[in-house]
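# Analysis of the macromolecular model
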Amino acid sequence: MVAFESVTKRFGGSNGQPAFTALDGVDLTVARGGITGIIGRSGAGKSTLIRLVNGLEKASSGRVVVDGIEVGTLAETGLRDLRRQVGMIFQHFNLLSSRTAFDNIALPLEIAGMDRKAIRDRVAPLVDLVGLGDKADRYPAELSGGQKQRIGIARALATEPKLLLSDEATSALDPETTQSILELLKDINRDLGLTVLLITHEMEVVKTIASQVAVIDKGKIVESGRTFDIFTAPQHETTQSLLSAAIGAKLPEWIRADLKPQPAPGDRALVRLVFFGETAFQPLTARLVAEIGPDLNILAGAIDEIAGEPFGSLVVSYAADPQTLERAARFYQQTGLTTEVLGYGA
Ligand SMILES: Nc1ncnc2c1ncn2[C@@H]1O[C@H](COP(=O)(O)OP(=O)(O)OP(=O)(O)O)[C@@H](O)[C@H]1O
């Protein structure tokens, strides 16, 4: 649905100022009909990436292709057509305060020159779709954050786009409202077959609804793939750091803060074990005890769900002497358990 091919975006560079490279050789494909999340730290280039899709920014080099059309080659009319195919929702909703909910949703259709009756026929079901049938005549100031975002979503859907871009759409909402908006986006994706591309700094959002994820760091895509795979076995340092607090069992900060990268004599190894799908905690931990001896502490444990798939994680500690470490390593290899050494401590 969307392809970024060696996309670079530079800002500035005139008047003798050095140019700033916000995106650096980005290659990424967004699958049609799916929900793809882009995560990254503040300033990593997420907004720039998403703004290239609807032509709000132009790539300095490389190609951005949306549904077969290269965005960079479009003139004014082409861009207008593209923006009808690409809806967008925002963190702060961007509603017009002087218009009712209904009239906010109608705005893109008025701009497109649709007649009043056709607009009514299009907007009325959208108000219902987003669950605000009784609020159509309210003004934004009379609506909650979640209700405003529902209006934002309905407005984005008014032109019947194929692609929905979401720029931190839940970042201003409380956790419960966030969940309800994510449910709505999931329903829209499933029922309307709409492709969703979202950028967020909230790992929970991606974990809940995105089937695919890409991680951006300093303008480069450092990792991408199935959300379940990336979240359960992050490879890049940035991904590991972004996800460390977001998935599975969490270690108390006072333990985490004292961990060292190498063991000193008498130290213990702290290791996260990851269990997939139906694999039970019980038998594997019992077998690990049989392998390395009874001196195994369980420090934290949780069952989690990522993009609809269950998995569990357990943080354990055991003596970090060479013999125990070797026995544990052998056991992990035999069982295929995914593990992550968090560090060593007393
Ligand atoms: N119009 C611009 N002119 C100059 N620099 C810009 C411009 N837009 C973005 N940048 C720079 O490009 C980098 C990436 O910005 P971008 O907004 O894409 O990051 P982001 O990942 O969306 O960050 P955040 O999560 O904080 O919104 C930043 O360092 C930013 O300062």
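Residues numbered from 1 in each chain as written. Predicted model: local features only at pLDDT ≥ 70, side-chain atom pairs only at ≥ 80, totals over all residues.

Helix and strand counts for the protein chain stand at 12 helices and 14 strands. Along the first, second and third principal axes, the C-alpha set of the protein chain runs to 80 × 55 × 35 Å. Here the contacts in the protein chain between residues at least 6 apart in sequence split such that 69% fall between residues at least 24 apart. (Helix = DSSP H or I, 4+ residues; strand = E, 2+ residues; numbered from the N terminus. Contact = placed C-beta atoms within 7 Å.)

You will see that Ser 6, though not glycine, has its phi angle at about 45 degrees, which is positive. With respect to the helices and strands, the residue Ser 6 is situated in strand S1 (residues 2-12). With phi around 65 degrees, Phe 93 is a residue other than glycine that occupies positive phi space. You can see Phe 93 is positioned in the loop between strand S6 (86-90) and helix H3 (101-111). The class for Phe 93 is buried, based on 20 C-beta atoms found within 10 Å. (Buried ≥ 20, exposed ≤ 12 C-beta atoms within 10 Å, placed from the backbone.)

Glancing now at the nonpolar core. Among the nonpolar cores identified, the biggest contains 86 residues, and Val 53, Val 64, Ile 105, Ala 154, Leu 163, Leu 165 and Leu 197 are the most heavily contacted of them. Looking at which element gives the most residues to this core, the answer is strand S11 (residues 268-276), with 6 residues. Three or more residues apiece are contributed to this core by two domains, here domain 1 (2-243) and domain 2 (253-345). Aside from chain neighbours lying at most four places away, what touches Ile 105 is Val 123, Leu 126, Val 127, Ile 151, Ala 154, Arg 155 and Ala 158. (Core = buried A, V, L, I, M, F, W, Y, C linked by C-beta atoms within 7 Å. Domains from an automatic or database assignment.)

Turning our eyes to something else, we now look at the packing of H3 against helix H4 (residues 116-129). Contact pair H3 / H4: the axes reach a minimum separation of 10 Å and the direction vectors enclose 135 degrees. One element, H3, and the other, H4, form an angle in the oblique class. Seen from above, H3 lies across H4 with right-handed handedness. Touching Phe 102, Ile 105, Ala 106, Leu 109 and Glu 110 of H3 are Ile 119, Arg 122, Val 123, Leu 126 and Val 127, all from H4. (Axes fitted to C-alpha atoms, helices over the stretch in contact; angles between N-to-C directions. Parallel < 35°, antiparallel > 145°, perpendicular 65-115°, else oblique. Left-handed = near helix turned anticlockwise from the far one by under 90°.)

For the rest of this paragraph, the subject is the UniProt feature "domain: ABC transporter" (unreviewed entry) in the protein chain. Within this numbering scheme, the UniProt entry marks residues 2-243 as carrying the feature "domain: ABC transporter" (unreviewed entry). In residues 2-243, the share of helix is 39% and the share of strand is 27%. The end C-alpha atoms are 26 Å apart. (UniProt positions renumbered as here; feature names shortened; annotations may be inferred.)

A word on the site of the ligand. Neighbouring residues of the ligand: 13 residues in total, closest Phe 11, Ala 22, Ser 42, Ser 47 and Thr 48. Elements with a contribution of two residues or more to the shell around the ligand: S1, strand S2 (19-30) and helix H1 (46-53). The element best represented in the shell around the ligand is H1, accounting for 3 residues. Of the residues contributing to the shell around the ligand, the split by class is 4 nonpolar, 8 polar and 1 charged. (Near = placed C-beta within 6 Å. Nonpolar A, V, L, I, M, F, W, Y, C, P; charged D, E, K, R; others polar.)

Here the focus is the domain arrangement of the protein chain. For the protein chain, the assigned domains are domain 1 (2-243) and domain 2 (253-345). Domain 1 puts 8 residues into the contact, and the matching count from domain 2 is 6 residues. The dominant element in the side of domain 1 that touches domain 2, judged by the number of residues it contributes, is helix H8 (residues 227-232), at 4 residues. Its residues assigned to classes, the side of domain 1 that touches domain 2 comprises 4 nonpolar, 3 polar and 1 charged.

This paragraph deals with the environment of Ile 292. Mapped onto the elements of the fold, Ile 292 is located in helix H11 (residues 281-292). Ile 292 sits 291 residues away from Met 1 along the chain, and the two C-alpha atoms are 50 Å apart. Setting aside its immediate chain neighbours within four residues, Ile 292 contacts Tyr 318, Thr 324, Arg 327 and Ala 328.

Before going further, it helps to spend a moment on the sheet that holds strand S5 (residues 69-70). Overall, antiparallel pairing links the 4 strands, which are arranged S2-S1-S4-S5 in an open sheet. Edge positions in the sheet fall to S2 and S5, since each has one partner strand and no second. Sheet analysis places S1 next to strand S4 (residues 61-66), joined by 5 bridges and oriented antiparallel. The residue bridging Val 2 from the neighbouring strand is Val 66, located in S4. (Pairing = 2+ DSSP bridges.)

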